[in-house]
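Observations on the model geometry
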Amino acid sequence: KIQKMPELPQSVVACGQTPRITKENMPQQLPPLPAGTWGTVVPKAGLMKYTLHDDTGKVKSCVWMRAGAPVTIEPQTKYSIEMMAADASFTIEFFSKTPEAAAAALPKALMNPRAKTPLATVGAAAAAVAVLVAVSYYYYSKK
């Protein structure tokens, strides 16, 4: 059975937007939106799979997303987004009939996605591992 994806009601107004979400800063779990708050997933790049879940977590429907093809999230709906491409990214725009109240209730996990690990930190960790391996090899080869 094919289920039609929801559409934004005409009576809502914008009340916020997430920063760009990528594979690197994607929240572990995407929280349902508060009552009265709608969302639009706006793909920016790459391929993603958007899945709607029922209350038990079973898949109700899913759709593939690419840039230029936004998908609407209904209030209090369980959903997930799977990044299918390395360059995949999106934002979520939020809408409500009462924008001030809705903006205050937006999920913090969406408004402040996990920070990227700086490349310098990754490089320093790799260098530390390389030194540790070299020292261990030298130490054990002299025994």
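To keep things clear, this report deals only with the structure shown in the data block. (Residues numbered from 1 in each chain as written. Predicted model: local features only at pLDDT ≥ 70, side-chain atom pairs only at ≥ 80, totals over all residues. Heavy atoms only, no water.)

1. Notes on the overall build of the protein chain
Stated formally: Secondary structure is summarised from DSSP: a helix means a run of H or I of at least four residues, a strand means a run of E of at least two, and numbering begins at the N terminus for each. Burial here depends on accessible area, computed with a 1.4 Å probe over protein chains only, as a share of the maximum for the residue type. Under 20% is buried, over 50% is exposed, and the range in between is partly exposed. Every accessible area reported is derived by Shrake-Rupley at a probe size of 1.4 Å, with residue values counting cover from the shown protein chains alone.
When you go through the protein chain residue by residue, the secondary structure sums to 3 helices and 8 strands. Listing the helices and strands of the protein chain from first to last along the sequence gives β-β-β-β-β-β-β-β-α-α-α. Every one of the 143 residues in the protein chain was classed for burial, and the buried ones make up 34%. Here the protein chain displays about 9,000 Å² of accessible surface, and carbon together with sulfur accounts for 59% of that area.

2. Digging into the pattern of salt bridges
Test applied: The term salt bridge refers to a pairing of a side-chain nitrogen on Lys or Arg with a carboxyl oxygen on Asp or Glu at a separation within 4 Å.
Here the structure, examined in full by the defined rule, presents 1 salt bridge. With a closest N to O distance of 3.9 Å, Lys49 and Glu82 form a salt bridge. On the criterion of sequence distance, the pair formed by Lys49 in strand S4 (residues 48–53) and Glu82 in strand S7 (residues 78–83) is long-range, its members being 33 residues apart. For Glu82, a relative accessible area of 40% translates into the label partly exposed.

That is the geometry; function is a separate question.
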